[in-house]
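Structural description and commentary
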Amino acid sequence: MMNLMEQLTFLQDFPPVIQTLIINLILFIIAIGMILVLRRILMMIFVRPLRAIAHRTPIVSDEVIVDEIMAPLRIAIVGLALIITVNLIDFGAEIQQIAETVARTLMIMAGF
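Residues take numbers from 1 onward in each chain, read along the sequence in its written order. Predicted model: local features are reported for residues with pLDDT of at least 70 only, side-chain atom pairs are reported and counted for 80 or more only, and whole-chain, interface and lining totals are derived from all residues. Note that water and hydrogens are dropped before the side-chain values are worked out from all heavy atoms of the structure.

**Things to note about the nonpolar core**
Each nonpolar core is a collection of buried residues, namely Ala, Val, Leu, Ile, Met, Phe, Trp, Tyr and Cys, held together in the definition by side-chain atoms within 4.5 Å. Residue exposure (1.4 Å probe, protein chains only): buried if accessible area is under 20% of the type maximum, exposed if over 50%, otherwise partly exposed. One finds Ile-35, Leu-38, Ala-81, Leu-82, Val-86, Ala-99 and Ala-103 forming the largest nonpolar core, which totals seven residues. Elements with a contribution of two residues or more to this core: α2 (16–56), α3 (61–88) and α4 (93–111). What counts as a helix is a DSSP run of H or I of at least four residues, what counts as a strand is a run of E of at least two, and both are numbered from the N terminus. In terms of residue count, α3 provides more of this core than any other element does, three residues in total.

**Regarding the packing of α3 against α4**
Look at α3 against α4: their axes get within 8 Å of each other, and the N-to-C directions meet at 160°. When the axes of α3 and α4 are compared, the pair comes out roughly antiparallel. When the axes of α3 and α4 are compared, the crossing they make is left-handed. Along the contact surface, α3 presents Pro-72, Ile-75, Ala-76, Val-78, Gly-79, Leu-80, Leu-82, Ile-83, Val-86 and Asn-87, while α4 presents Gln-96, Ala-99, Glu-100, Val-102, Ala-103, Leu-106, Met-107 and Ala-110. When grouped by side-chain class, the residues that make up the contact of α3 with α4 number 14 nonpolar, three polar and one charged. Only the stretch in contact is used when fitting a helix axis, every axis being a line fitted to C-alpha atoms; angles between N-to-C directions are given from 0 to 180 degrees. Roughly parallel refers to an angle under 35 degrees, roughly antiparallel to one over 145, roughly perpendicular to one between 65 and 115, and oblique to any angle outside these ranges. By convention the crossing between two helices is left-handed if the near helix lies anticlockwise of the far one by an angle smaller than a right angle, and right-handed if it lies clockwise. Residue contacts are defined here by distance: any two heavy atoms, one from each residue, within 4.5 Å place the two residues in contact. Charged means Asp, Glu, Lys or Arg here, nonpolar means Ala, Val, Leu, Ile, Met, Phe, Trp, Tyr, Cys or Pro, and polar covers whatever is left, Gly included.

**Some points on α4**
Because the α-helix completes a turn every 3.6 residues, residues three or four places apart line up on one side. Take the residue count of a helix, subtract one, and multiply by 1.5 Å to get its expected span. Between the first and last C-alpha of α4 there are 27 Å, a value that for 19 residues agrees with the 27 Å anticipated at 1.5 Å per step. Among all positions in α4, only Ala-99, Ala-103, Leu-106 and Ala-110 are buried. Buried residues of α4, viewed axially, fall in a sector of 55°; they line one side. Set apart from the buried face of α4 by more than 90 degrees, the exposed residues are Ala-93, Glu-94, Gln-97, Ile-98, Ile-108 and Gly-111. Where α4 is buried, its residues meet α3. To be clear, the arc concerns the directions from the helix axis to the C-beta atoms.

**What to know about the packing of α2 against α3**
Following both chains from N to C, one finds α2 and α3 inclined at 150°, their axes separated by 8 Å at the closest point. Relative to α3, the element α2 is oriented roughly antiparallel. Regarding α2 and α3, the two cross each other, and that crossing is right-handed.

**Some details on the pattern of salt bridges**
Salt bridges are counted wherever a side-chain nitrogen of Lys or Arg sits within 4 Å of a carboxyl oxygen of Asp or Glu. With the rule as written, the count across this model stands at two salt bridges. Linking Arg-51 and Asp-67 is a salt bridge whose minimum nitrogen-to-oxygen distance equals 3.2 Å. On the criterion of sequence distance, the pair formed by Arg-51 in helix α2 and Asp-67 in helix α3 is long-range, its members being 16 residues apart. Relative accessible area serves as the criterion here: at 31%, Arg-51 is assigned to the partly exposed category. Taking relative accessible area as the criterion, Asp-67 reaches 44% and is therefore assigned partly exposed. For Arg-104, the salt bridge is made with Glu-100, and the minimal N-O distance between the two is 3.8 Å. Taken together, the residues span about one helical turn, with Arg-104 and Glu-100 both in helix α4 at a distance of four residues.

**Some points on the side chain of Asp-62**
Of note, Asp-62 is situated in helix α3. Charged-residue counts in this description rest on Lys and Arg as positive and Asp and Glu as negative, His and the chain ends being excluded. Summary of buried charges: Asp-62 has no salt-bridge partner, and the nearest side chain of opposite charge, Arg-56, is 9.8 Å away. Excluding anything up to four places from it in sequence, Asp-62 contacts Ile-53, Ala-54 and Thr-57.

Coordinates in, geometry out; function isn't part of it.
See below:
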């Protein structure tokens, strides 16, 4: 985080508390953006092949099954994207542990 403060020279005019707040807000926005991008990429990787296979068959029930799998799969993919994002950006040990716990919880919830 200190490296980011050196890169953003306009923050040097603010008090340290405001600097930390702005840095954390910037990291939060970057993390949300990465989660959304990774979610879209992972959905394309996992969902498109399932939908293509379901559309090839004349049976309607396989498309219903794919549609029913979508909600848990979206939750699991958000958890996976959260884990990837937290490991790519250094948020600190406490936040990383909380985020990984939340991501694991999302993955478990997707299973039920």
